[in-house]
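Here is what each chain is made of, one letter per residue.
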Amino acid sequence: MPGILDKTPVATLSNDEILRYSRHLIIPEVGMAGQEKLKAARVLCIGAGGLGSPLALYLAAAGVGTLGLVDFDVVDVTNLQRQILHTTADVGRPKLTSAGEKLKGINPFVNVRPFPAMLTSANALDIFREFDIVADGTDNFATRYLVNDACVLTGKPNVYASIFRFEGQASVFAAPDGPCYRCLYATPPPPGLVPSCAEGGVLGILPGLLGVIQATEVIKLILGLGDPLVGRLLLVDALSMKFRELRLRKNPDCPVCGAHPTVRELIDYQEFCGVRGESAPIMAEIPEIQPQELKGQLDAGKDIFVLDVREPHEYQICNLGGHLIPLGDLSRRVHELDSSREIVVHCRSGARSAQAVEFLRQVGFQKVRNLRGGILAWSDQVDPSLPKY
Amino acid sequence: MKVLIPTPLRQYAGKKSSIDVAAGTVGEALQLLATENPDLRRHLYTDDGDLQAYINVYLNDDDIRYLEGKENATVKESDTVSIVPSIAGGRGSSAFDFS
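What you see is a predicted model, and the numbers here were worked out from it, not measured in a lab. (Residues numbered from 1 in each chain as written. Chains lettered and ligands numbered in written order. Predicted model: local features only at pLDDT ≥ 70, side-chain atom pairs only at ≥ 80, totals over all residues.)

Draft legend 1. Representation of the sheet that holds strand 10 (residues 304-308) of chain A. All names here are of chain A. Read from one edge of the open sheet, 5 strands run 9-13-12-10-11, paired in parallel fashion. Only two strands of the sheet have a single neighbouring strand rather than two, namely strand 9 (288-289) and strand 11 (323-324). Sheet analysis places strand 10 next to strand 12 (residues 342-346), joined by 5 bridges and oriented parallel. Along strand 12, the bridge assignment pairs F305 with I343. (Pairing = 2+ DSSP bridges. Helix = DSSP H or I, 4+ residues; strand = E, 2+ residues; numbered from the N terminus.)

Draft legend 2. Focus on the confidence of the model for chain A. For chain A, the average pLDDT comes to 92, and 93% of its residues sit at 70 or higher. Considering only residues more than four positions removed or in separate chains, one finds that residues 277-283 of chain A, a stretch of pLDDT under 50, has 5 contacts. (pLDDT = per-residue confidence, 0-100. Contact = placed C-beta atoms within 7 Å.)

Draft legend 3. Examining the pairing of strand 4 (residues 133-136) of chain A more closely. Residue and element names in this part refer to chain A. Neither face of strand 4 is exposed, since I133 and A135 on one face and V134 and D136 on the opposite face are all buried. Bridge count for strand 1 (residues 42-46) against strand 4 is 4 bridges, and the pairing is parallel. Directly across from V43, in strand 4, lies its bridge partner I133. Relative to strand 5 (residues 158-164), strand 4 runs parallel, the two being bridged by 3 bridges. Bridge pairing in strand 5 links V134 to N158. With respect to chirality, the unit in which strand 4 leads through helix 7 (residues 141-154) into the neighbouring parallel strand 5 is right-handed. (Buried ≥ 20, exposed ≤ 12 C-beta atoms within 10 Å, placed from the backbone. Right-handed = clockwise from strand over helix to strand, strands pointing away.)

Draft legend 4. Quick look at the nonpolar core. Residue and element names in this part refer to chain A. By size, the foremost hydrophobic cluster in this structure holds 97 residues, and its most contacted members are V43, C45, A56, L59, L67 and V218. Apart from the residues lying within four places of it in its own chain, the contact partners of V218 are V43, L59, I133, A135 and V159. Within the second largest apolar cluster, 16 residues are counted, among which are L294, V344, A351 and L360. (Core = buried A, V, L, I, M, F, W, Y, C linked by C-beta atoms within 7 Å.)

Draft legend 5. Inspection of the environment of D63 of chain B at higher detail. You can see D63 of chain B is positioned in strand 4 (residues 62-63). Separated by 18 residues in sequence, D63 of chain B and V81 of chain B place their C-alpha atoms 9.8 Å apart. In this structure, D63 of chain B is in contact with R247 and R249 of chain A together with N56 and Y58 of chain B, ignoring residues within four places of it in sequence.

Draft legend 6. Local environment of the packing of helix 4 (residues 52-62) of chain A against helix 5 (residues 95-106) of chain A. Residue and element names in this part refer to chain A. Contact pair helix 4 / helix 5: the axes reach a minimum separation of 8 Å and the direction vectors enclose 30 degrees. By the angle class used here, helix 4 and helix 5 are roughly parallel. At the point where helix 4 passes helix 5, the crossing takes the right-handed sense. Contact residues: helix 4 offers A56, L57, A60 and A61, while helix 5 offers A99, L103 and I106. (Axes fitted to C-alpha atoms, helices over the stretch in contact; angles between N-to-C directions. Parallel < 35°, antiparallel > 145°, perpendicular 65-115°, else oblique. Left-handed = near helix turned anticlockwise from the far one by under 90°.)

Listed below in structure tokens is the structure:
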């Protein structure tokens, strides 16, 4: 297949660079011409986290000339289990500061271009136009659809991967004549239905595996080598260590890349994904209790039944001694609860328990409240000896 | 025939990664699954009974949207149906923690 950069002028390599890239240069399929293409290439990584870490590290090492990074976050200690761009000393620092240092450390010839901002409909097109390839390593549907649409509108291939627990997906979207992300999934799931990494967890090596697949696809696109993952969805299951492949088709009725597109400019992706507007008002109606208030009432000997709707493995990390019924089992096990008693429901941070309270009220429970902020807030406000996770 | 259940939906399907069902079409197989696992139904179907747009269903390697008959595509005992939901994880920030 032709390389993505075949029309752009190539860069020349210094003697220091020739020595650095010698293991590339002696592969006939790469050679001087390929390495010069890499140097001339401009790749934008969306997210400097789980996927972005191995992706950016390998692209920098390989000699991609210009690496753009978009991220607005600071390094959190819970990131370090998988985000290998960042170290313990970086906790609390902006991810792009940390990432820039690491990438320059690996390869000072790389031009690192940080964009310390949230990617939005207002800035995406201008940023994308300055790059040849976009690699999507974000963690939420709103940004996934934004990246896809902006790639289609600017004509940039979208090297995609996403992960959940032990599973990953990868593809190359929006390549010439190839399908886009919307051809695969026209609309996102409603918020909260599919758990985020923060909620569902992720095996630390999994973004490593998928991020390296992304880096491989980016390099193949630049060099014009092999068969890119265009029109194919790679499914990776780390537990069975099986790689499966599904055929993707360009949807002729796709609202963005179809024959008669209805999306001709970027839209409000928060609204499209239902992140604002729908979920907040529902939550507002849920009766709540503050951790301090619950503690006071329990200490005063008030009869309160504490219901924990987390999973058993979370209960093992820390608990308030409540009765454990995971949210997914609640409808089957609701008979274990006494509706005449006062019930306080909690989870880790308060969202799953809000769903549980909503469900219990629908089936007739009246004296049921949500512990605001969950066990995390309990640790902050009542008992700091309780570990947070 | 075998239906492969993706990780995010296993919690609604008795934590199983695959379920064997006896069905004549892809649609029948999914309906059987939804009947046996009531919590799974709303993740597969809209209130109107259509497949959710964020779920793709594959018969072996092919998206059923592009098969003749779509959901009514006939299946053999040796076939595999895959449910492939959209997942978004990757950057791993706490900013989108809905839990």
